[in-house]
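Now for the letters of each chain:
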Amino acid sequence: MAGARVDLDGRPIKPMTICMIGAGGFIGSHLCEKLLSETQHKILAVDVYNDKIRHLLEPGSSDPALPWGDRIQFHRINIKHDSRLEGLIKMADLTINLAAICTPADYNTRPLDTIYSNFIDALPVVKYCSENNKRLIHFSTCEVYGKTIGSYLPKDHPLRQDPSFYVLKEDESPCIFGPIEKQRWSYACAKQLIERLIYAEGAENGLEFTIVRPFNWIGPRMDFIPGIDGPSEGVPRVLACFSNNLLRREPLKLVDGGQSQRTFVYIKDAIEAVVLMIENSARANGHIFNVGNPNNEVTVKQLAEMMTEVYCKVSGEPVLEQPTIDVSSKDFYGVGYDDSDKRIPDMTIINKQLGWNPKTSLWDLLESTLTYQHRTYAEAIKQATAKPVAS
Ligand code: NAD
Ligand code: UDP
């Protein structure tokens, strides 16, 4: 089965060893699952946590052996300060770097940690790959585009409807960030600089690289539910915030009215794009790829409405009288928050190089994700919020 797999040019795919940094996170856990179940590649999984991949590392009570045997090895390493990292990169054919602080609530409240994590901590990874002639797939973000050109036009200006004022193209669009005091942009700026450094290593020292710009990948295991598997005061990304509100039967909080627009792609569709990059190096090297679903665009308010409807369907619970409330970004995120207005990925390059297209509609991906959230957390929330019984 796996031996017969071929790349996009019909060549047999040779099994490789992949050093995956940040393998214990949301994207890493899905990528590990896919590589173990559908390919013969080996994974050196690096992270400080492994909760989201524990099911891949330890046999369950029902299945005494893992079907992929010893093709995954977990290394509990903080890449900030661990000399074992270079050895692992040298042992691997390919390094994938996913490690980052990447929740917006941190960008304006922990800007130093954000900049260190996304730029300084990624530097040795790039350096070791370049010095040892190893291929690198680096995870950047759609946030490097910042705001759209159109966002600077008056609200009712007709050019705002012109795609050339909002569609984001890897090789043409500028990176437009707010002023320094809007610390939200610390993340985007750090990611932009590491992209430029990787690109320069490619140009000057021949580093073989691919840069991925995810556009709001969502699905099961994204972030955490505050007070259940993460800190009570923690603020995860929007999918987990809204899931938490739905599970607790609280109104969903719309930051500044929820007028920002996003395109959401199902994690399982996006992972297929990453596997194509891994297995088609000649087509992926030297490229920056948008990975998103331009057909799944909604305002955050529309997302809240759709998630409410889907959650009622999967949980059987009725809609609240007041399903959403407006909150100011200052109250929700604190000073220094700012927002990307609209994110439509141009898909020309990934289509041409890898023939990839997303498949799953927003409704379908929310249905499978919220079914997972309900199954995983509803009981724990019920117990956590149950009033102690008087004895
Ligand atoms: P995540 O937070 O779930 O995963 C990141 C993982 O990196 C975590 O498990 C974390 O423990 C690990 N990590 C962080 N610092 C580390 C360190 N110093 N040493 C070892 N491990 C460390 O995030 P994710 O959603 O899986 O995102 C992965 C990458 O994709 C990030 O670089 C992020 O910026 C990028 N990205 C993701 C999205 C998305 O839609 N999910 C969007 C834009 C960009
Ligand atoms: N947001 C919201 N309510 C929440 C959480 C987030 O209205 O409870 C908004 C946030 O202001 C942003 C969008 O949802 O406009 C997406 O936020 P996310 O944290 O997923 O990250 P982003 O797409 O901004 O990187």
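Note: the structure precedes this text.
Residues numbered from 1 in each chain as written. Chains lettered and ligands numbered in written order. Predicted model: local features only at pLDDT ≥ 70, side-chain atom pairs only at ≥ 80, totals over all residues. Heavy atoms only, no water.

Visitor: Is there a simple way to explain a nonpolar patch on the surface in this structure?
Guide: Judged by side-chain polarity, L112, I115, Y116 and I120 come together as a nonpolar surface patch covering roughly 370 Å² of accessible area. Assignment of secondary structure puts I120 in helix α5 (residues 111–120). (Patch = residues over 30% accessible without salt bridge, like charges linked within 9 Å, V, L, I, M, F, W, Y side chains within 5 Å. Areas by Shrake-Rupley, 256 points an atom, 1.4 Å probe, with all protein chains shown as cover. Salt bridge = Lys/Arg side-chain N within 4 Å of Asp/Glu carboxyl O. Helix = DSSP H or I, 4+ residues; strand = E, 2+ residues; numbered from the N terminus.)

Visitor: Looking at this structure, how should I read the site of ligand 1?
Guide: Around ligand 1, 25 residues are found, and the nearest of them are F26, D47, N78, Y187 and W217. L98 is positioned such that a nitrogen or oxygen atom in its backbone is 3.1 Å from an oxygen atom of ligand 1. Between ligand 1 and K191 there is a distance of 2.9 Å, counted from an oxygen atom to a side-chain nitrogen or oxygen. The fraction of the free accessible surface of ligand 1 (810 Å²) that becomes covered by protein chains is 89%. Only α1 (26–38) and α7 (185–205) provide two or more residues apiece to the shell around ligand 1. Partitioning the shell around ligand 1 into residue classes produces 15 nonpolar, 7 polar and 3 charged. (Near = heavy atom within 4 Å. Polar contact = N/O pair within 3.5 Å; in protein donor to acceptor, adjacent residues only side chain to side chain. Nonpolar A, V, L, I, M, F, W, Y, C, P; charged D, E, K, R; others polar.)

Visitor: Looking at this structure, how should I read the nonpolar core?
Guide: Here is a general trend for soluble globular proteins: nonpolar side chains tend to be buried in one another's company. The biggest cluster of nonpolar side chains holds 66 residues, and the ones touching the most others in it are I96, W217, M277, I278 and V291. Sort the elements by how many residues they give to this core and helix α9 (residues 267–279) lands first, with 8 residues. Apart from residues no more than four positions distant in its own chain, M277 is found in contact with R135, I137, T210, V212, A284, F289, V291, I350 and L354. Within the second largest apolar cluster, 24 residues are counted, among which are L44, A122, I194 and I211. (Core = buried A, V, L, I, M, F, W, Y, C linked by side-chain atoms within 4.5 Å. Buried < 20%, exposed > 50% of the residue type's maximum accessible area, 1.4 Å probe, protein only. Contact = heavy atoms within 4.5 Å.)

Visitor: Looking at this structure, how should I read the packing of helix α11 (residues 300–315) against helix α14 (residues 362–385)?
Guide: When two helices pack together, you describe them by how their axes are tilted relative to each other and by the distance separating the axes. The contact between α11 and α14 brings their axes to 9 Å, and the two run at 55°. The orientation of α11 with respect to α14, classified from their angle, is oblique. Both α11 and α14 take part in a crossing whose hand is right-handed. From α11, L303, M306, M307, E309, V310, Y311, K313, V314 and S315 reach across to α14, where they touch L362, W363, L366, E367, L370, T371 and H374. Looking at the contact of α11 with α14, its residues break down into 10 nonpolar, 3 polar and 3 charged. (Axes fitted to C-alpha atoms, helices over the stretch in contact; angles between N-to-C directions. Parallel < 35°, antiparallel > 145°, perpendicular 65-115°, else oblique. Left-handed = near helix turned anticlockwise from the far one by under 90°.)

Visitor: Looking at this model, I keep getting lost on the pairing of strand β7 (residues 209–214). Mind explaining?
Guide: In the case of a regular strand, side chains alternate between the two sheet surfaces. Here β7 lies mainly inside the structure; 6 of its 6 residues are buried. Of the two faces of β7, the one holding F209, I211 and R213 and the one holding T210, V212 and P214 are both buried throughout. Bridge analysis of strand β5 (residues 135–139) against β7 gives 4 bridges, and the strand direction is parallel. Counterpart to H138 in the pairing with β7 is I211. In the sheet, β7 pairs with strand β12 (residues 287–291) via 5 bridges, with the strands oriented parallel. Bridge pairing links P214 to V291 in β12. (Pairing = 2+ DSSP bridges.)

Visitor: Just checking my understanding: could you explain the environment of S130 for this structure?
Guide: Relative to the helices and strands, S130 resides in helix α6 (residues 123–131). Sequence-wise, S130 and G10 are 120 residues apart; in three dimensions their C-alpha atoms are separated by 29 Å. Apart from the residues within four sequence positions on either side, S130 is in contact with E201, N205 and L207.

Visitor: Would you explain the site of ligand 2 in this entry?
Guide: If you check the shell around ligand 2, you find 19 residues, and the closest are K253, R262, Y337, D339 and R343. A distance of 2.9 Å separates an oxygen atom of ligand 2 from a polar atom in the side chain of Y337. Separating an oxygen atom of ligand 2 from a side-chain N or O atom of D339 is a distance of 2.6 Å. The fraction of the free accessible surface of ligand 2 (520 Å²) that becomes covered by protein chains is 96%. Residues belonging to the shell around ligand 2 are distributed by class as follows: 10 nonpolar, 2 polar and 7 charged.

Visitor: What should I look at first to understand the sheet that holds strand β1 (residues 17–21) in this one?
Guide: Each strand in a sheet pairs with another by means of backbone hydrogen bonds, the pair being arranged parallel or else antiparallel. Sheet architecture is open: 7 strands sit in the order β3-β2-β1-β4-β5-β7-β12, paired in parallel fashion. Strand pairing shows two members of the sheet lacking a second neighbour, β3 (72–76) and β12, which therefore form its edges. Across this sheet, the average inter-strand angle for adjacent strands is 15°, counted without regard to direction. Relative to strand β2 (residues 42–47), β1 runs parallel, the two sharing 5 bridges.

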